Structures are given as C-alpha cells and as structure tokens.
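# Fold and contact review
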Amino acid sequence: MKKTVIWLLGGVMGVSFLILLYLQVGYMRDMVSMRRQQFEESAKRALYQVAHTLEMDEARRYLQADMEALARSEAAQNVMQQTFTLPDGSTFSVQQMIVPPSSIPPLQIPRPGGASPSVSENSRIIQENMVKRYNSQRALMDEVIYEMLYTAGDKPLKDRIDFTLLANELTAQLQNNGLSVPFHYIVTTNSGRVVGSCDCEDFNPKTEKNSYSQVIFRNDPPNKMGIIRVYFPTLNDYIYSSVRFLIPSLIFTVFLLLTFIFTLFIIFRQKRLSEAKNDFINNMTHEFKTPISTISLASQMLNDPTVTKSPQMFQHISGVISDETKRLRFQVEKVLQMSMFERNTNNLKLKETDVNELIAGVVKTFTLKVESCGGGINAEFEAENPFAMADEMHFTNVIFNLMDNAVKYRRQDVNLHLEVKTWNENGKLMVSIADNGIGISRDNLKKIFEKFYRVHTGNLHDVKGFGLGLAYVRRVIQDHGGTIRAESELGAGTKFIISLPVSND
C-alpha cells in the first residue's frame, strides 16, 4: 500500500475520531449547562416561596395578636360590676356579662293579621348582618395592616423570623421543586450582619459559587430588609451526576483514538522495515553475486581441459576461491550475529581486558589496509585506567567495523586519516575513532544505528554492506553497559565516541 493512501486513511479516521470526541464533549457541556439552569430556577423558586411564607407568618402572628387583644377588650367592656351593702355594713360585688345588642337576634314582629316575614325580608336581614360582619373584619384587618406598617419595621430582624419554620420550609420547598440535596443557610441583614444560621460548620456564602440568595420583607425600607443565603455543598456532584454515564464512552473513544494512532505508527514502522528488508535483500544479492560469480568462474577454469594448469595457476585459482569463500562466510556471519542479538541468544564472555592493548592490536592489523588507500592512523592511548569488563572478540569486531566504515566512506580527493584515542572521564573509559571522510548529514545521523539502514550514496555501488554493522556495534556496546554516539559534519568527517564502565579491581 502506498504511503499516500495510508496517510489519507489515517487522516480520515483521525478527523472522524476528533469530531466524535468534540460532539461528545459538547453534548456533556450542554447537559451540564441545562442541568445547572434547571437547578438555579428551582432553587430560586423555592427561596421565593420560603420568603413569601415568612411574610405570611409574620402577618398571621400580628393578626392573631390583634384578635386576642380585641377579644380581651370586648370581654372587659361587656362585664358589668354591681356592689351591694348588707345590713351589717359589709359589701360584696357581683360581675354580670352584658350581651351587646348587636349579638341579639333581631326581634321579628308579626305583621298585622298574624302574617310571618317573607323570604325576601329574611334574606335582606341576613345580608345586612353579613355586611356588618365584613365591615367589622375589614376594620380589624386595616388596624393590623397599620400596626405592621408602623411597628413591624421597628422590631429586630431576628425577632421577626421563626427559624424553625424557616428550616422546615426550606426543606419542604426544595423537595417540592425536586431538589433533595443537602444545604446550609444563613440569614443576614441588608448590610451583611448575620442574624441566624443553620447548625453547621462555618462558611462564607459570599465567596462560594454554589450559593443563592433571596430578599425577605421586600416591602420594608432597604435597611430593614433581610437576605436568606443558601449554599449547596454537593451541587457539583448533583450537576455532573447526569453526565456520568457518558464518561466511560468518552474514555473508550479516547482509548480507540490512541489505539488507532499506535496502529498507524506500527503500520509506518512496518512499512519502513519492509522497505529496509527489501533493500537488504537486494544489497545482499549484490554482495553475494560477485564472490559466487568469481568462485564459479574459477571452478570452470579448473574443469576446462583447454586451459593449461600449471602449479602457479592452481595456486592462484585456489587462492581466489579461498578468498571469496572467506568473504561469503564473513557476510553470512554478520547476518547470523544480528539474528542472535535480535533473539537475545548471544552470551558475551566478559573478562577484564586492557582496552588500550586490544585497540592497539586492531590498529596494527588495520594499518596496512589504510596505507593501501594512501592514508594513515594516529593512535593516542591516554587512558590511565584502560581496564574494562569486555568480550575480546565482539569488542574487536566493534573497533574493526568502525575503522572499516571509515575506509568505505572516505573521500576520493584527500588522503584518509584516522585518529584513535582513549582517555578516562568521570569514572568512564572513553574511546573515540574519527576520520576525515564524506561525513553524515544531520537527518541521517539520527538513523545510522538502526538495523538495515544505510546512508544513501546515490547510484554508486562501490560501498558494500547490509546496513547491519552499526546496529551490531550499538548492540555490543549496550550489552557491555556502555553507550555510543556519533558526531559528524557533511563533507568534514565523522567521529564515534564510546563510553564504557571501567574495571576497578
């Protein structure tokens, strides 16, 4: 599948997941907003009913007090006290209730001829009595209203409110409006002075977000008004409880999005690995083709009866076959080594090794190859403690690979020059191998230690290899407990720096 198609499918799926997430988040936000608005409307409606109930309760108490006072006044006026003197000079008093004439039913005088009052006459009498009662009650109500206007405002706000009634009414009205949530309340004057509160921990509703207020005694002067403030400590839990069922869906969608991104990453990685393997197979075919052709040609010469076979000819042909066979075995060995490292089946045989001495042996062996290219090697062994736990064979292969890469990627316009150096730094044994070759670009420098990766050299085929050498080098160094990094500048050369833990024994 082409990379363009993969990117297109990935973009479509990614945009679809993002739109789905946006819709889910938007739906949750709208539900939370609607739930909060409904709560605010219900809470304000309940507080308004509570304030109205408190005002009605105050009016009822005033009316009841006035009716009791009026009843006592009428009872005192309707009692007549008479005093009597006895013959012996002593006196005694007698109290007698006087029934007011208005309470005595009107005397129905028979009409001439003994006829009774008509029905219409009785209705008129009843209506007149009702009018008298209405006027009496209206006068009483007017008196109560006047008293409330002139005396209620003079009472402290605390004396005008029945706090037991307030708590019960708040609970009842909130439940009637569908709000069965815990609450705290406080009653203050318009100036902020607290006159009463619930039996709960102290809180400041002015600084709380989940609090609502309602004015009571709205018709009083501003300085006589009271304010009920109610705080709901679990309001957020109540609001978000309506969208909790969407949270698993949102988490599952995010999980699917992350899984899709990871899958897309794996697809591109596998595609890149597949391309690298194809390049490896092509390169391996090219690497194997030359020695196989050479061996085949030498074998044909040995089998050709027309070719004169002198001892010198046999020695030359056998030497060619031996060299090409070693070359094939070396290439196969590199592939097998990487396969063993990939399966973690290669066990290093670590022992205390003098790294200076080991590298000096490799330099001595490699000097002839460098000099044949018109170059030279400069070795500086400055490490005072050159001992490290190392596998001699694999570490030798590491140094050999790095030097061989310097020869492969040398510049044709200048003589090859290698610098090998060792030193101690921060308790580590440092090894560097630098050359003056073609160098590596910054983009390629990040990938040179990847398996099967090779720096592009155009259509030139003089650089041999499978892209396994540096991957093998990094794996060996890591198994030794060390690190390796590369510094390079295109056209100026490359420097590899190895860090190994020193042996303190």
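The shown structure was predicted, so the numbers you read here are calculated from the model rather than taken from an experiment. (Residues numbered from 1 in each chain as written. Predicted model: local features only at pLDDT ≥ 70, side-chain atom pairs only at ≥ 80, totals over all residues. Heavy atoms only, no water.)

## What about helix α11 (residues 469–479)?
- Residues of α11 that are buried: Gly469, Leu470, Ala471, Tyr472, Val473, Val476 and Ile477.
- Phi turns positive, to about 80°, at Gly481, one or two residues after α11. (Buried < 20%, exposed > 50% of the residue type's maximum accessible area, 1.4 Å probe, protein only. Helix = DSSP H or I, 4+ residues; strand = E, 2+ residues; numbered from the N terminus.)

## Description of the sheet that holds strand β11 (residues 428–434)
- Here five strands make up an open sheet; going across it, the order is β8-β10-β11-β13-β12 and the pairing mixed. Looking along the sheet, the strands with just one partner apiece sit at the ends: β8 (376–381) and β12 (483–489). Adjacent strand axes in the sheet meet at a mean angle of 15°, parallel and antiparallel pairs treated alike.
- Summarising the sheet, β12 and strand β13 (residues 493–501) pair through seven bridges and their orientation is antiparallel. The partner of Ser488 across the bridge, within β13, is Thr494.
- Sheet contacts for helix α8 (residues 355–372): β8, β10 (417–425) and β11; angle to β8, the most-contacted strand, approximately 170°.
- Relative to β13, helix α9 (residues 392–408) is tilted by about 170°, and along the sheet it contacts β10, β11 and β13. (Pairing = 2+ DSSP bridges. Axes fitted to C-alpha atoms, helices over the stretch in contact; angles between N-to-C directions. Contact = heavy atoms within 4.5 Å.)

## A short note on the sheet that holds strand β3 (residues 184–189)
- Taking strand neighbours across the sheet as the criterion, the four strands line up as β4-β3-β6-β5 in an open arrangement whose pairing is antiparallel. The open sheet has two free edges, formed respectively by β4 (194–197) and β5 (211–216), since each of these has just one partner strand. Taking the axes of each pair of neighbouring strands and ignoring which way they run, one obtains an average angle of 20° across the sheet.
- Here β3 pairs with strand β6 (residues 226–231) via six bridges, running antiparallel. Along β6, the bridge assignment pairs Thr189 with Gly226.
- Against the sheet, helix α4 (residues 163–176) makes contact with β3, β4 and β6, and its axis sits at roughly 135° relative to β3, the strand it touches most.

## A word on the pattern of salt bridges
- For the coordinates displayed, the defined rule picks out five salt bridges.
- A salt bridge links Asp479 to Arg475; the shortest N-O distance between them is 3.6 Å. Pair noted here: Asp479 and Arg475 are both in helix α11, with a separation of four residues, about one helical turn. (Salt bridge = Lys/Arg side-chain N within 4 Å of Asp/Glu carboxyl O.)

## What about a positive patch on the surface?
- A contiguous patch of positive charge, built from Lys3, Arg269, Arg272, Arg442, Lys446 and Lys447, is present on the exposed surface.
- Inspection of the secondary structure assignment puts Lys3 in helix α1 (residues 3–77). (Patch = residues over 30% accessible without salt bridge, like charges linked within 9 Å, V, L, I, M, F, W, Y side chains within 5 Å. Areas by Shrake-Rupley, 256 points an atom, 1.4 Å probe, with all protein chains shown as cover. Lys, Arg positive; Asp, Glu negative; His and termini not counted. Charge placed at Lys NZ, Arg CZ, Asp CG, Glu CD.)

## Observations regarding the nonpolar core
- Ranked by internal contacts, the top residues of the largest apolar core, which has 37 residues, are Phe39, Leu166, Ile228 and Phe232.
- Breaking this core down by element, the ones donating at least two residues are α1, α4, β3, β5, β6, α5 (235–240) and α6 (247–303).
- For this core, the element with the most residues is α1, which contributes twelve residues.
- Aside from chain neighbours lying at most four places away, what touches Phe232 is Phe39, Ala43, Leu174, Val181, Pro182, Phe183, Asn210 and Tyr212.
- With 36 residues, the next largest nonpolar core counts Ile359, Phe395, Val473 and Val502 among its residues. (Core = buried A, V, L, I, M, F, W, Y, C linked by side-chain atoms within 4.5 Å.)

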